[in-house]
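# Observations on the model geometry
For reference, the chains in residue letters:
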Amino acid sequence: MFPEARRGLWPPVDPALVDAGREGELAVARTRIAVVALLALNPAVALLVQRPLNSAAALALVVEILFVALAILVLQLAGRHPPVAWLGFASAALDVSFVSFYHATVFINAFPQLALTSRVAFALYLLAILATSLRNDGRVATFAGALAALEWVTLVHVFADSGVDMMGELEELVIIAAATMLARIIVSRARGLRLSSIRDNLTGLLNRAHFEERLAMELMRSSRTHRPLALAIIDVDQFKRVNDTAGHLSGDEVLREVAARLTKTVRRTDLCARFGGDEFALAFTDTSIADAAARLEEIRRTVSSTPIPLRVHAVVTITCSAGIAVAPLDGSDSTTLISIADSRLLAAKNAGRDRLMVAG
């Protein structure tokens, strides 16, 4: 079972999906620059061929150059780590507002009727909304759809003052709403598929493959920023005894409860995974070996402090052992850190269990 996020109109993003959303944001940012730059050719050509000078085209070119600059800024922000929390909303607003601006320039340079009936221009709204699905965040899709509807209604009101027949224009609002719902459905399905590939089925924690992938990325960031990263491997002491005495279903209950207690004790920026069997792995970003030892000791006590009630009307008390390795002190690659942390875990178990082992 996966830990389900709150459903509804404004569901939060699972932390495990943030990196995938960041990749989508980068793709949208690069596409945005190309599209805005191409659309800026229209007023640029108008300025070159029309005489006398077309002031509306000049204003449009200036504004579109501003949009290109903003698009480049968004691309730079999209490459930051950790991701900027509000960037998806800001970039979606930029896309929708650019489409509205494009409608307005058509209105100024041509005819109000053309501004309302241009399917190519209106399709840009749908592209801006559907592009939000690449960010794996249904909230951004909802925001983009609502903003597109609001700006479209505003444009329609302006055009209505120019004597444009408004019959049938509500159909566009229906299409915007449909595009918003489709984007949210795409996000929901992508989230389910993504979570099934990166989460452990039993505990809902990250699985080992995705943990090692994320760990490699965090180690690269640690190397760039010269900040330490601590890795801990935790093992439930004598877990086989639980399976032998209470059954494998009870063993699964214990693992789920240990996972829940670990989740409550780690920070949002930390990584927490089921490493295999009764082993768990934690990665603490920007954490020295002394701080990691202190935090892990607190976590170890939290995991073993309260007995775990089982469905078979029994209560089991568990302890755990842990080994810690820190980059760059113990190594700078994931394979080395995992090997050292695992060897220190073995040393902790050989020393009597219910303890952690660190360097020195």
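Please refer to the structure placed before this passage.
The rules behind the values
Residues numbered from 1 in each chain as written. Predicted model: local features only at pLDDT ≥ 70, side-chain atom pairs only at ≥ 80, totals over all residues. Heavy atoms only, no water. Pairing = 2+ DSSP bridges. Helix = DSSP H or I, 4+ residues; strand = E, 2+ residues; numbered from the N terminus. Contact = heavy atoms within 4.5 Å. Axes fitted to C-alpha atoms, helices over the stretch in contact; angles between N-to-C directions. Buried < 20%, exposed > 50% of the residue type's maximum accessible area, 1.4 Å probe, protein only. Salt bridge = Lys/Arg side-chain N within 4 Å of Asp/Glu carboxyl O. Core = buried A, V, L, I, M, F, W, Y, C linked by side-chain atoms within 4.5 Å.

### Quick look at the sheet that holds strand E2 (residues 271–276)
Two pairing modes exist for strands in a sheet, parallel and antiparallel, and in both the strands are linked by backbone hydrogen bonds. Across the sheet, five strands lie side by side as E2-E3-E1-E6-E7; this open sheet has mixed pairing. Looking along the sheet, the strands with just one partner apiece sit at the ends: E2 and strand E7 (356–357). Strand contacts of helix H9 (residues 208–225): strand E1 (229–236), E2, strand E3 (279–285) and strand E6 (320–327), with the helix running at about 135° to E2, the strand carrying the most contacts. Against the sheet, helix H12 (residues 289–305) contacts E1, E3, E6 and E7, and its axis sits at roughly 160° relative to E6.

### Section: the pairing of E3
Each regular strand carries side chains that alternate between the two faces of the sheet. Most of E3 sits inside the fold, with seven of its seven residues counted as buried. In E3, alternate side chains face the same way, and those of Glu279, Ala281, Ala283 and Thr285 on one face and Phe280, Leu282 and Phe284 on the other are all buried. Pairing geometry for E1 and E3, over seven bridges, is antiparallel. Looking across to E3, one finds that Ile234 is bridged to Phe280. Here five bridges tie E2 to E3, and the two strands are oriented antiparallel to one another.

### Remarks on the pattern of salt bridges
All told, the structure shown has 19 salt bridges when counted by the stated rule. Of the charged contacts in the structure, one is a salt bridge between Arg135 and Glu25, with a shortest N-O distance of 2.6 Å. With Arg135 in the loop between helix H6 (119–131) and helix H7 (138–160) and Glu25 in helix H1 (residues 18–39), the pair connects residues that are 110 residues apart, well separated along the chain. Judged by relative accessible area, Glu25 falls into the buried class, the value being 5%.

### What about the packing of H9 against helix H13 (residues 334–350)?
Taken N-terminus to C-terminus, the directions of H9 and H13 make an angle of 115°; their axes are 10 Å apart at the nearest point. Contact residues: Arg208, Glu212, Leu215 and Leu219 in H9; Ser334, Leu337 and Ile338 in H13.

### Some points on the side chain of Glu172
Summarising the element assignment, Glu172 is placed in helix H8 (residues 170–198). For Glu172, the contacting residues outside a window of four places in its chain are Arg119, Phe122 and Trp152.

### Examining the nonpolar core
Phe67, Val96 and Tyr125 are the most contacted members of the largest nonpolar core, which has 38 residues in total. Those elements that provide at least two residues to this core are H1, helix H3 (55–78), helix H4 (87–109), H6, H7 and H8. In terms of residue count, the dominant contributor to this core is H4 (ten residues). Apart from residues no more than four positions distant in its own chain, Phe67 is found in contact with Val36, Leu94, Ser97, Phe98 and Phe101. Of all hydrophobic cores here, the second largest spans 32 residues; its members include Ala230, Val254, Leu255 and Cys272.

Don't take any of this as a statement about function, it's just geometry.
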